[in-house]
Amino acid sequence: MSDSARPPPNLPPRERREGHRTVHVAAGVITDPRGRILLARRTEGRDLAGLWEFPGGKVEPGETPEAALARELHEELGIDIDVGAALINVPQAYPGKRLQLDVRHVAAWRGTPKGREGQALAWVAPDKLARYPMPPADVPVVGALLQPDRYLVTPSPGDDDAAWCAQFDAALAAGIRRVQFRVHGVDADRRRALFAHAHARCRKAGAGLLVNGDAALAQASGVGLHLRAAQLRAFDARPVADDVTLAASCHDDEDLALAQALGCDFVVLGPVAETASHPGQAGIGWARFAEMRERTSLPIYAIGGMGPQDIAVARRHGAQGVAAIRGLWSRR
Ligand SMILES: Nc1nc2c([nH]c(=O)n2[C@@H]2O[C@H](COP(=O)(O)OP(=O)(O)OP(=O)(O)O)[C@@H](O)[C@H]2O)c(=O)[nH]1
Ligand SMILES: [Mg+2]
């Protein structure tokens, strides 16, 4: 389905349905030469006071997001900037309003940032960002800064395990850094051997590995756990330790809420487009994806007919990036 996919025709856009206004906000990722990122603390008397945010503010009528960002950073921090690449555009529902948080990298800046409106500032190393409490819309922004934009789900090996292993290595060589181990139709011995291969190669490449569905294997081998949607209801607490990556497959709002309540680090949502595994079955489309995204505060990969060419459109709809079997399994 295309970028212009619409919600079902019998439903007016959520915004009109609930009478919520949309607030368009431009925010910037300002990085110093040591790689630290500038956060500002929202002052008392404003919404979300006390939380840390990426500096920026509301886009005024007739203004481009780029111009708004430059103006806001001049007003709030006293710096002049060159706007850089888009990072992510997050639609997020807040009480009584919808936010579109349009986050750009700041390519260059002149001057010394100061909290000109009395706000505290902090230069934060990327691995410390999680220590700063932030508004819900910023969780996907931090995800986009820190987590991979592609999530490979392994295919089943058919009858050729050696070819599967070679393709696995090729995917890592092509830059894949997050993998879900999911193989069907093999016996326990073959599965164990394939998992051992994946585990060793991911460790060597510094890639994150998650195992589909198998909490015991995740615990025993020290890899992450990816829950199937049906498993979300089987747990009432996080099924792995806090330092073990937890993810889940989601298809609707209820799945997303359960995944967030369980403490997932990220989720997969779809199918967005028609997939080769379900021909003839239309996906939910980007508009519906964005609508579900805005009621969740998690990094979300779009799945279903996705490939690397879809990462940019995914980011424009608030996605972390794309998850795929075929679309990310290197062709050799
Ligand atoms: N700048 C910024 N705003 C954010 C972030 N995350 C987030 O939810 N927001 C929300 O987006 C809106 C931004 O408005 P703002 O208060 O910064 O707007 P502004 O600078 O134009 O100031 P003003 O309208 O209070 O004068 C607020 O509702 C804020 O809570 C973020 O990372 N940066
Ligand atoms: Mg502001």
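Treat the numbers as computed from the prediction; the structure is a model and nothing was measured.

J.: It is not clear to me how the site of ligand 1 should be interpreted in this structure. Could you clarify?
T.: In the vicinity of ligand 1, 20 residues are found, and the nearest of them are D47, F54, K58, Y94 and D138. In the model, an oxygen atom of ligand 1 is placed 2.7 Å from a nitrogen or oxygen of the D47 side chain. Contact between ligand 1 and E53: a nitrogen atom at 3.2 Å from a side-chain N or O atom of the residue. Protein chains bury 84% of the 630 Å² of accessible surface belonging to ligand 1 in isolation. When residues of the shell around ligand 1 are traced back to their parent elements, those giving at least two are strand 1 (21-29), strand 4 (56-58), helix 2 (65-77) and strand 6 (97-110). Class assignment of the residues belonging to the shell around ligand 1 gives a composition of 9 nonpolar, 2 polar and 9 charged.

J.: Could you clarify how one ought to interpret the packing of aromatic side chains in this entry?
T.: We describe a pair of aromatic rings using the distance from one ring centre to the other and the angle between the two ring planes. Under the definition given, this model contains 10 aromatic pairs. With centroids separated by 5.3 Å and ring planes inclined at 90°, the aromatic side chains of W52 and Y132 adopt a geometry described as edge-to-face. Pair noted here: W52 is in strand 3 (residues 52-53) and Y132 is in the loop between strand 7 (121-124) and helix 3 (138-146), with a separation of 80 residues, a long-range link. Judged by its relative accessible area of 12%, W52 is buried. With a centroid separation of 5.4 Å and an interplanar angle of 40°, the aromatic rings of Y151 and Y301 are classed as tilted. Here the residue Y151 occupies a position in strand 8 (residues 150-153), and Y301 occupies one in strand 14 (residues 300-303), the gap between them amounting to 150 residues. The class of Y151 is buried, set by a relative accessible area of 0%.

J.: What exactly am I supposed to notice about the sheet that holds strand 2 (residues 37-41) here?
T.: Backbone-to-backbone hydrogen bonds pair the strands of a sheet. The strands run either parallel or antiparallel. Spatially, the 3 strands line up as an open sheet ordered 3-2-7, and their pairing is antiparallel. Looking at strand neighbours, the two that pair on one side only are strand 3 and strand 7, the edges of this open sheet. Pairing of strand 2 with strand 7 involves 4 bridges; the strand directions are antiparallel. Note on strand 7: the bridge partner recorded for L39 is A122.

J.: Could you clarify how one ought to interpret the UniProt feature "binding site: 8-oxo-dGTP" (unreviewed entry) in the protein in this entry?
T.: Residues annotated by UniProt as "binding site: 8-oxo-dGTP" (unreviewed entry) correspond here to R42, E53, F54, P55 and G56. Checked against the element boundaries, E53 lands in strand 3. In this structure, E53 is in contact with L38, L39, A40, R42 and D138, ignoring residues within four places of it in sequence. Positionally, F54 belongs in the loop between strand 3 and strand 4. Setting aside residues up to four positions removed in sequence, F54 forms contacts with A27, G28, V29, I37, L38, L39, M134, D138, V141, V142 and L145.

J.: Quick question: what am I supposed to make of the coordination of the magnesium ion (ligand 2) here?
T.: Metal coordination angles have textbook ideals: 109.5 degrees for a tetrahedral set of four donors and 90 or 180 degrees for an octahedral set of six. Only G56 (O) and E76 (OE) from the protein reach the magnesium ion (ligand 2) as donors, at distances of 2.2 Å. Here G56 is found in strand 4, whereas its partner E76 is found in helix 2, with 20 residues between them in sequence. The same class applies to G56 as to E76, namely buried.

J.: Could you clarify how one ought to interpret helix 7 (residues 253-262) in this entry?
T.: Buried within helix 7 are the following residues: D255, L256, A259 and L262. For helix 7, the buried positions fall inside an angular range of 130° around the axis, keeping them on one side. Put simply, D252 is the residue that caps the front of helix 7, since its side-chain oxygen is 3.2 Å from the backbone nitrogen of E254. Of the residues trailing helix 7, G263 is marked for its positive phi of about 85°.

The rules behind each value
Residues numbered from 1 in each chain as written. Chains lettered and ligands numbered in written order. Predicted model: local features only at pLDDT ≥ 70, side-chain atom pairs only at ≥ 80, totals over all residues. Heavy atoms only, no water. Near = heavy atom within 4 Å. Polar contact = N/O pair within 3.5 Å; in protein donor to acceptor, adjacent residues only side chain to side chain. Areas by Shrake-Rupley, 256 points an atom, 1.4 Å probe, with all protein chains shown as cover. Helix = DSSP H or I, 4+ residues; strand = E, 2+ residues; numbered from the N terminus. Nonpolar A, V, L, I, M, F, W, Y, C, P; charged D, E, K, R; others polar. Phe/Tyr/Trp six-rings, centres within 6.5 Å; stacked < 30°, edge-to-face > 60°. Buried < 20%, exposed > 50% of the residue type's maximum accessible area, 1.4 Å probe, protein only. Pairing = 2+ DSSP bridges. UniProt positions renumbered as here; feature names shortened; annotations may be inferred. Contact = heavy atoms within 4.5 Å. Donors = N, O, S within 2.8 Å, 3.2 Å for Na, K, Ca; no water. Arc of directions from axis to C-beta.

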